[in-house]
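# Understanding the architecture of this molecule
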Amino acid sequence: MFQSDFFTIIVDYINIIFLMFTIVLFSGYTVMGYLATKHTLHYRRKNSFGDLSKVMASPLAPSITIIAPAYNEGMNIVENVRSLLSLNYVDYEVMVVNDGSKDDTLEKMIAAYDLVKIEQKIDPNWQSKPIRGIYKSKQKAFHKLTVIDKENGGKSDALNTGMQLSNNRYVGCIDVDCLLLPDALLHVVKSFFQRSGKRVIAVGGVIRVANSCIIDGGELEEVRLPKNWLAKFQLLEYTRSFILGRMAWGSIDSLLIISGAFGFFDREIALAAGGYDTNTVGEDMEIVFRMRRYMHERDLPYTVEYIPDPLCWTEVPEEVKIFINQRDRWSRGNLETLTKHKDMFFNPKYGRLGMLSYPYWFFYEWLAPLLEFFGFLSIILFYYLGILNFQFFIAITAAVFSFSVMFSFFAIFWEVYAYNQYKTKDILVLMLFAILEPFVFHPLVTFSAVRGNYKKLFKIKSGWGTITRKGFSKAT
Amino acid sequence: MIILNHIFTSIAPKIGVNFLWVLAIVFAIVALLYIGITFYAKSNITLGVKRNKIKKRELGPIVSEFLFFDEKTASLEDKNNYVCLKIKIRQMLKNKRNRKILAEVLVELSQDLSGETLKSLHKLYKDLGLDNDALEKLKSWRWHTISQGIVELTQMKVTDSYNKITKFVNGSRGVIRKQSVIAIVSLKDEGINYFLDTTQHKISEWQQLKLLEILQNKKNYNPPSFKNWLFSKNVDTVLFALRLVKHYDQSDANSSIVQLIRHKNSQIRQVAIQCVSEFNVVEARESLKKIFNTSTNDTKLLIIEALESLGFAEDVQFLNTIENRKEVFAVKNKALVAINSLLPENHLEIEGLEDISAVLIQKEDKKPLNPLEVTVTPRTEIEKDLTSAIDQLTDDTDNVPIVNDIAETDLLTFTIDDTIDVVTEVAPIDDDKHLEFIKFLETKKETPKEAPNTVYFNVSESSSTSKKEPENLINNSKEALPDSVFKSLYDGCDTEAKLILLDEIGALGDEKELQFVLSLLNAPEIEISKKAASVKIIIENRLSVIAEQDALEENATSKLINKNPNLQEELNARYTNTTKTITPIKPTLVKELKPLELCFLEEEEEKTEEDVFGFFDINFILSEEFYKDNCN
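Reading the values: the criteria
- Residues numbered from 1 in each chain as written.
- Chains lettered and ligands numbered in written order.
- Predicted model: local features only at pLDDT ≥ 70, side-chain atom pairs only at ≥ 80, totals over all residues.
- Domains from an automatic or database assignment.
- Contact = placed C-beta atoms within 7 Å.
- Helix = DSSP H or I, 4+ residues; strand = E, 2+ residues; numbered from the N terminus.
- Nonpolar A, V, L, I, M, F, W, Y, C, P; charged D, E, K, R; others polar.
- Pairing = 2+ DSSP bridges.
- Buried ≥ 20, exposed ≤ 12 C-beta atoms within 10 Å, placed from the backbone.
- Axes fitted to C-alpha atoms, helices over the stretch in contact; angles between N-to-C directions.
- Parallel < 35°, antiparallel > 145°, perpendicular 65-115°, else oblique.
- Left-handed = near helix turned anticlockwise from the far one by under 90°.
- pLDDT = per-residue confidence, 0-100.

Residues and elements named next belong to chain A. You can read the domains of chain A as domain 1 (2-43 + 348-474) and domain 2 (55-318). Here the C-alpha centre of domain 2 lies 29 Å away from the C-alpha centre of domain 1. Contacts between the two partners involve 39 residues from domain 1 and, on the opposite side, 36 residues from domain 2. Contributing elements (two or more residues each) for the side of domain 1 that touches domain 2: helix H1 (2-46), helix H10 (351-385), helix H11 (390-418), helix H12 (424-457) and strand S13 (473-474). Here the residues of the side of domain 1 that touches domain 2 sort into 23 nonpolar, eight polar and eight charged.

Put into structure tokens, the structure is as follows:
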């Protein structure tokens, strides 16, 4: 009798922990929704007037280097670089770092842009894989292009090399296969320059899904819903994450991650903080942690800006295996970064960063998938033992499910309000995918996260993996 | 046990299943609501855009009619139509939405129009009373409505609203404040003065950028003397004023700028350093050196850059200390580049740079040199030196004819400028007797005491400098270059003539013109600055070709000089020093063509090159064999 009661109590307590966890999550998401709404409205009103293009040739406009690491990108490199060279800005440099590609990435660039090897002094103390050559174009039309050929050292190493060799005040670290809209740099400069009391150390922005979109001559011709089912789920996830999540964190200056596909940094601070960490696969998150800590520990006023405009478009994986590898890497990167900066956990010295952002990342970005996974195992176990309370299980599942669908619908609403880029039919399809997501896509994400943590925990060697790009659709 | 069981049971929380179902239903209802809101918003946005498009299409032709109606030339029928249109538009404007759309149409149009048509548009906007709507917006409690009103009034140049808008310049809402500043600067020329005088808030870099853009686009704008704000209490005002001083080349603020080099704010320091470099404020060098140690790396780089353009041989010692200190690579490297630039004769010996410059500094007179003073050998001394040097040469070599040639030369007629040209012209000669003379001049270059003077006798050094990018080459020499002959012509021209003149500069210009063209890149007239940018590229392309040719020639010449190494010692230290104040000229100049002014002067005086240079007539072309023999 006692044993039975005691077991019930334990189960009740487990229930309450999970419920509390869920309530905090729901409340957190609701607050996020509110902050994102407020910030989006403010941003739209504030930016409804003014013409950015007029200032692009200003003598006060800063110089920017866009660093694009390339590894085995021979298929699309020429097109991608051409797109980067056609941005609406005067004083910028495109620095492609060929990270020891095994294919013909470098040869294609040399041929297409008429490159020649130049001499440039390099800091002998700089720690990175050896540089084999620095190339510039003989043609004036491509004077903005610099190609660095180096031995393979990974994305972080390539970005660090670019950062070191750049002479400009700001550096942009992007994926070479990303499509930047022509006005992207103008928005970035505005974000760096608009603050007067704080130093803007980094600027991040929305990443949009470009699968199935029509792109011609490096410009986005038509926005289309991805045809592939996995890409559709990712589009929904990106919408939720960038339009609500990051917008909200950005509004309270607690953004802890800037996407590797589109991140701009104050070069001086980035180098002073040590540049990208080459020992993690979550380098985009880690560098923001480090730069923030650098400023915080010196008590310097700073901020990290977030641009809600859709300026960067990228291709997401369409194959399950590649997708799982990518998410596996993300979760390992997450764990590595959180472990490296564990002293920030609930540390009031770091203000909101230590008391809010870090715990959120710990509980809801790292721990949540693991809890979900073990919760799922528990349900199977309880069912097998015949102690599963079906009524309770179905009720709580329904509550969580309807909340997640509601939140996704809210994100879709803001997608329509802010961008209105998809057709009515596409919006309906997205809503359908929001209903299916908890049963199809979410288990995949959870599985990838568990696999990543497992690998990290048991030190199973795993690097970046490879992502095969299909290339953007061309306008016909 | 029972008690324990009871305690656990009583405190263990229970979650009601019904509560969970209620939650699920509530979330589901909200989700359904979102579906409705989403599609409502989508159709609203789409319909709104469509309706506005239709309305704008309808209003567009009416506005055009108003804008291009000419009462003098219009027929009676046209006049009737015009009156009907007026009535129609007045009727339409009774509707608030139509007024809003019309205002939008006019504001959009104003961005594409210019000149008289734009003035007509502004007049139409006021005639239709749309400015009253915008002024009404200023009374709103919503920040974005006020901002919209300010933007509209600014775009439509409603100068009457200036006073009303100035009230917002120090307001508490940042967005309104920024818009109002842009408005007052746009509406009236004195707006910038008012802003700099009264602003109490920080001025973001974005705002500075926008304001500069507005000032740049003002026609016939006569900027105030911005040095008046260089000591404002507001640090951002100082920074902005300093940037304006730099942009408008207000070099009368030099003494204030030198003081600002020591400002606590690193940004102000940096802009001040850029200013002294650009305005060629040589007296700022000591201040630059003093702040070096306490500066950030970025500032250090700027300081070295400034010393490179302002400095002299005596500054090499300071640069050497940087090179030898624990500095970051970029700073050390920059110092090295600066040293090479100041002492280009050592350029090819970077490894041994430390030793060479140390020796040079030791040999230098302890008395600090006035940067504007260079040692110049009196002509009689030159004559003596040359004759004796040649006597020596004749003893050692069989080149007798050179003695006669030189002896016959009237060196007394040479001026300093002539000497530069002589050396310039002598450099590519494929003739032993002339090469001996070059060698003699080479020895003078290596005499430390004559460091500033050596620039005139620097022949082989150009092989290093000429390899530089044309832009760098220009930067190094821009302070020393004489004014372009086109400058005075340009100053007296209207815009159209200026554009034609720029075309001419593109066709004929060299580095002097390039420097002049660079100064036009930020010209207030956009067409001028655009044309200047294209002309700059043309000249740079030409210069890079010249630089390559020069490099080839220098390479060949220096190889030949090395065949007679003993000359240097024998002719060393024969100069006696007197001082004369002249503008210092950088080594890179040596290889330049004759200034256009000199050509014109010669033409006026009907002088030929022979008249000027006597036996130094070097009007010839080097053969291909020369290059083959000496370059390989």
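Contact residues are listed per partner, giving 48 residues for chain A and 46 residues for chain B. Mapped by element, the contributors of at least two residues to the side of chain A that touches chain B are H1, helix H5 (184-193), H11 and H12 of chain A. The greatest single-element share of the side of chain A that touches chain B, amounting to 16 residues, is contributed by H11 of chain A. Of the residues contributing to the side of chain A that touches chain B, the split by class is 28 nonpolar, 10 polar and 10 charged.

What follows concerns the pairing of strand S10 (residues 219-222) of chain A. All names here are of chain A. One ladder, built from three bridges, connects strand S9 (residues 214-216) with S10; its direction is antiparallel. Within S10, the residue paired with Ile215 across the bridge is Leu220. Adjacent in sequence and paired antiparallel, S9 and S10 are bridged by two residues, among which Gly217 carries a positive phi angle near 55°.

Glancing now at unusual backbone geometry. Its identity is not glycine, yet Asp114 of chain A carries a phi of approximately 55°, on the positive side. Positionally, Asp114 of chain A belongs in the loop between helix H3 (105-113) and strand S3 (115-118). Within the chain, Asn280 of chain B stands out as a residue other than glycine whose phi angle is a positive 60°. Along the chain, Asn280 of chain B turns up in the loop between helix H14 (266-278) and helix H15 (285-292). Accessibility expressed as a C-beta count within 10 Å gives 15 for Asn280 of chain B, which makes it partly exposed.

Let's shift gears to the packing of helix H9 (residues 320-340) of chain A against H12 of chain A. To describe two helices that pack against each other, one gives the angle between their axes and the distance between the axes. Residue and element names in this part refer to chain A. Between H9 and H12, the shortest axis-to-axis distance is 7 Å and the interhelical angle comes to 55°. Our classification of the angle between H9 and H12 gives oblique. Handedness of the crossing formed by H9 with H12: right-handed. Contacts from Val320, Phe323, Ile324, Arg327, Asp328, Arg329, Ser331, Arg332 and Leu335 in H9 reach Leu444, Val445, Phe447, Ser448, Ala449, Arg451, Gly452, Asn453, Lys455 and Lys456 in H12. Its residues assigned to classes, the contact of H9 with H12 comprises eight nonpolar, four polar and seven charged.

Once that is clear, we can look at the confidence of the model for chain B. Residues and elements named next belong to chain B. Per-residue pLDDT for chain B has a mean of 69; in total, 61% of the residues score no lower than 70. Every residue in residues 348-435 is under pLDDT 50, and counting partners more than four places away or in other chains gives 129 contacts. In this model, residues 563-600 is a region of pLDDT below 50 whose contacts with residues beyond four sequence positions or in other chains number 79 contacts. Interface confidence in the predicted complex, given as ipTM, is 0.88; pTM for the same model is 0.70.

Residue and element names in this part refer to chain B. Taken N-terminus to C-terminus, the directions of helix H2 (residues 17-68) and helix H4 (residues 96-112) make an angle of 65°; their axes are 10 Å apart at the nearest point. Classified by the angle their axes make, H2 and H4 are roughly perpendicular. Classified by chirality, the crossing of H4 by H2 is right-handed. Between H2 and H4, the residues in contact are Asn52, Lys55, Lys56, Leu59, Gly60 and Val63 and Ile101, Leu102, Val105, Leu106 and Leu109, respectively. In terms of residue class, the contact of H2 with H4 is made up of seven nonpolar, two polar and two charged.

It is worth spelling out the sheet that holds strand S5 (residues 145-150) of chain A at this point. Residue and element names in this part refer to chain A. With mixed pairing, the 10 strands of this open sheet are ordered in space as S3-S4-S5-S2-S1-S6-S11-S8-S12-S7. Only two strands of the sheet have a single neighbouring strand rather than two, namely S3 and strand S7 (179-180). With respect to the sheet, helix H4 (residues 154-165) is in contact with strand S1 (64-70), strand S2 (92-99), strand S4 (131-137), S5 and strand S6 (170-174), its orientation differing from that of S1 by roughly 150°. Each of strand S8 (199-209), strand S11 (262-266) and strand S12 (302-314) is contacted by helix H8 (residues 283-297), which is oriented at about 160° to S8, the strand it contacts most.

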